[in-house]
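What follows is the residue order along each chain.
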Amino acid sequence: MLSLDHLGLAADDANALADLLAALVGGRRYESEIVAEQGVAAHVLPAAAPGAPAPALELVEPTAPDSAVARFLEKRGPGMHHLALRVSSAEAAMWRAEEQGLRVLSDEPHPGAGGKRVVFLHPEDTGGVLVELCEHTDPLPEAERVPFAHDGANGTLAAYTLGSAANPPLLLLHGAAGCTERETRRLAHRLAPHFRVVALDFPGHGASDLFENVDFSSTLFAESVRATLDHFGIERAAVFGFSMGGNMALRLAHHHPERVARLVVHGACIDWSETQAEQMAVRLDVRTLQEQSGGRPAAALEAAHRDWTGLFARTERFVRALPLRTDEMRAMAEAVEVPTLVSTADRDDLFPLEAAFTLHRRLPKARLTVVPGTRHALGQTDLGALVPPLTRHLLAYV
Ligand code: CO
């Protein structure tokens, strides 16, 4: 069924237009935010009442000269910009559109205003109107602060808990230079009906303290995980780890097997060549990210972490040391007795599929699953394909 979510209007001064329209309807409040990834400032005037069928209005104004909205204003001037249809899954809607021969303007959903995940269709294919397909996502609850001390550094970690405390515990670990908000948030909501979900931001990542005087190391990260389990009084949990979080999950299962009931490791790699470390280090280069497309990636990272430039510099040093530790990681994987689901995206643009196969072969008790049609980034992964095998594997321990 067609569900019109909002109408997008482009303006040179969206704030002034939002004030004007809000005054017209009796001074209603509206939400404003910068959507860094799209280079726009957005002001959203909600529908008449919560749950009312009337669509919201989204007033957008460019914050970057090379953004799509800036080009639109230059060509067409202010006015009606897009029509947004609400969908339950941005990926599924995108694939349906592609199968009907419509051109989708990106190869994966992007973050939109209000935490939405959006894709746009080429206006020439949709009657001259730019159509946005948007999926609403839930925000994280407020973080609980977990005290943590390591190597003389003291501070607190941010941990987000979802789901009933009576459910079996499940820990979610994000990747290097990532955070719960950008990577494991949607998964946390999807799994909350089945588990007591605890999603952690690693030291120096997301909303956790910086612990700036300690170098990033596997010990630091794995110990932060153990401290979190202790803080919540969880003796034994299932653990999901994405990318580097997967390596940390394996490490925890190796050093403290009694604490880990089951594992899911998604998009992780234990065999690091010099070339691979170099490729990853290049992705973490702060100056390159600052210079990319009008500073938009940098603005998004600025919002996600307390000190993203420090985080990326420390992660780069950590990654460059990984090839030296490949033998250690292999030996560790071979000794992990915890039943593990190894999962990978079939179009992973960071690690080859073989990385998952190798890991699957080395782990004594592993199963393998492949998520079709998605790349490395977990924030953009089709959860419709990942959640069923993951839940089936994890619930087997209950
Ligand atoms: Co929109």
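Residues numbered from 1 in each chain as written. Predicted model: local features only at pLDDT ≥ 70, side-chain atom pairs only at ≥ 80, totals over all residues. Heavy atoms only, no water.

Next up on the list: the overall build of the chain. Helix and strand counts for the chain come out as 13 helices and 16 strands. Computed over its C-alpha atoms, the radius of gyration of the chain comes to 22 Å, within 12% of the 21 Å expected for a compact globule of 398 residues. Overall, the C-alpha framework of the chain stretches about 65 × 45 × 40 Å when taken along its three principal axes. When each of the 398 residues of the chain is scored for burial, the buried share is 53%. For the chain, restricting intrachain contacts to residue pairs at least 6 apart in sequence, the fraction spanning at least 24 positions comes to 69%. Here the chain has roughly 17,600 Å² of accessible surface; of this, 52% comes from carbon and sulfur atoms. (Helix = DSSP H or I, 4+ residues; strand = E, 2+ residues; numbered from the N terminus. Rg over C-alpha atoms; globule rule 2.2 N^0.38 Å. Buried < 20%, exposed > 50% of the residue type's maximum accessible area, 1.4 Å probe, protein only. Contact = heavy atoms within 4.5 Å. Areas by Shrake-Rupley, 256 points an atom, 1.4 Å probe, with all protein chains shown as cover.)

Time to look at helix H10 (residues 308-320). At 3.6 residues per turn, the α-helix brings residues three or four places apart onto the same side. Between its first and last C-alpha atoms H10 spans 18 Å; for 13 residues at 1.5 Å apiece the expected length is 18 Å, and the two agree. Every buried residue of H10 is listed here: Trp 308, Gly 310, Leu 311, Phe 312, Arg 314, Thr 315, Glu 316, Phe 318 and Val 319. The secondary structure elements touched by the buried residues of H10 are helix H5 (218-231), helix H6 (244-255), helix H7 (274-283), helix H8 (286-291) and helix H9 (296-304). (Expected span 1.5 Å × (residues − 1).)

Turning our eyes to something else, we now look at the packing of aromatic side chains. Enumeration over the complete set of coordinates arrives at six aromatic pairs. Between Phe 148 and Phe 211, the aromatic rings sit 5.5 Å apart at their centres with planes inclined by 65 degrees, giving edge-to-face as the arrangement. With Phe 148 in strand S9 (residues 144-150) and Phe 211 in the loop between strand S12 (196-200) and H5, the pair connects residues that are 63 residues apart, well separated along the chain. We classify Phe 148 as buried; its relative accessible area is 6%. Its relative accessible area of 5% is what places Phe 211 among the buried residues. Through a chain of ring-to-ring contacts, the aromatic side chains of Phe 202, Phe 216, Phe 221 and Phe 318 assemble into a single cluster. (Phe/Tyr/Trp six-rings, centres within 6.5 Å; stacked < 30°, edge-to-face > 60°.)

It is worth spelling out the coordination of the cobalt ion at this point. Protein coordination of the cobalt ion is provided by His 6 (NE2), Glu 58 (OE), His 82 (NE2) and Glu 132 (OE), with donor distances spanning 2.0 to 2.3 Å. Coordination at the cobalt ion is irregular, judged from the four donor atoms that bind it and the angles of 83 to 148 degrees they form at the metal. Spacing between the donor residues of the cobalt ion along their common chain follows H-x51-E-x23-H-x49-E. Taken as a pair, Glu 58 in strand S4 (residues 56-62) and Glu 132 in strand S8 (residues 130-135) lie far apart in primary sequence, 74 residues in all. The exposure class assigned to Glu 58 is buried, which follows from its relative accessible area of 6%. (Donors = N, O, S within 2.8 Å, 3.2 Å for Na, K, Ca; no water. Tetrahedral: all angles 85-135°; square planar, octahedral: opposite > 155°, others 65-115°.)

Counting buried residues along strand S3 (residues 40-45), five of its six residues qualify, which places the element largely inside the surrounding structure. Two strands pair when backbone bridges link them, and strand S2 (residues 31-35) and S3 are joined in this way by five bridges, in the antiparallel orientation. Bridging across to S3, Glu 31 finds its partner in Val 44. In this structure, the hairpin formed by S2 and S3 is closed by a connection of four residues, where Gly 39 is found at a positive phi of approximately 65 degrees. Pairing analysis gives six bridges linking S3 to S4, with the strands arranged antiparallel. Bridged to Ala 41 within S4 is Glu 61. (Pairing = 2+ DSSP bridges.)

On to the pairing of strand S14 (residues 260-266). In terms of residue burial, S14 counts as a mostly covered element, since seven of its seven residues are buried. Bridging between strand S13 (residues 237-242) and S14 involves six bridges; their strand directions are parallel. Looking at S14, one finds that Val 239 is bridged to Leu 263. In this region the chain leaves S13, passes through H6 and returns to the parallel neighbour S14; the handedness of that crossover is right-handed. (Right-handed = clockwise from strand over helix to strand, strands pointing away.)

This next bit is on the sheet that holds strand S7 (residues 117-121). Spatially, S2-S3-S4-S1-S5-S8-S7-S6 is the arrangement adopted by the eight strands of the open sheet, whose pairing is mixed. In this open sheet, the two strands that pair with only one neighbour each are S2 and strand S6 (110-111). Relative to strand S5 (residues 79-86), strand S1 (residues 4-10) runs antiparallel, the two being bridged by six bridges. Residue pairing across strands places Leu 9 opposite Met 80, the latter belonging to S5. The sheet strands contacting helix H2 (residues 68-76) are S1, S3, S4 and S5, and the helix crosses S4 at an angle near 85 degrees. (Axes fitted to C-alpha atoms, helices over the stretch in contact; angles between N-to-C directions.)

When its domains are assigned, the chain resolves into domain 1 (4-135) and domain 2 (144-395). For domain 1 and domain 2, the distance between their C-alpha centres works out to 32 Å. Every contact between the two is made by 16 residues of domain 1 and, on the other side, 16 residues of domain 2. For the pair domain 1 and domain 2, the summed buried area comes to about 1,200 Å², and 42% of that belongs to carbon and sulfur atoms. For domain 1, the biggest contributors to the area lost against domain 2 are Ala 36, Trp 95 and Glu 108; these three give 36% of the whole. Linking domain 1 with domain 2 are three salt bridges. For the pair domain 1 and domain 2, the interface holds two residue pairs in polar contact (both at pLDDT 80 or more). Tallied by class, the residues present in the side of domain 1 that touches domain 2 amount to four nonpolar, five polar and seven charged. (Domains from an automatic or database assignment. Buried area = accessible area lost by both parts, 1.4 Å probe. Salt bridge = Lys/Arg side-chain N within 4 Å of Asp/Glu carboxyl O. Polar contact = N/O pair within 3.5 Å; in protein donor to acceptor, adjacent residues only side chain to side chain. Nonpolar A, V, L, I, M, F, W, Y, C, P; charged D, E, K, R; others polar.)

Quick look at the packing of H5 against H6 now. Here H5 crosses H6 at 70 degrees, and the two axes come no closer than 9 Å. If you check the angle between H5 and H6, you find them roughly perpendicular. From H5, Ser 218, Thr 219, Phe 221, Ala 222, Val 225, Arg 226 and Leu 229 reach across to H6, where they touch Met 244, Met 248, Arg 251 and Leu 252. Residues that form the contact of H5 with H6 fall into these classes: seven nonpolar, two polar and two charged. (Parallel < 35°, antiparallel > 145°, perpendicular 65-115°, else oblique.)

Once that is clear, we can look at unusual backbone geometry. Of note, the phi angle at Phe 211 is positive, near 50 degrees, even though the residue is not glycine. Positive phi is not limited to glycine here, since Ser 243 has a value of about 55 degrees. If you trace the backbone, Ser 243 turns up in the loop between S13 and H6. The class of Ser 243 is buried, set by a relative accessible area of 8%.

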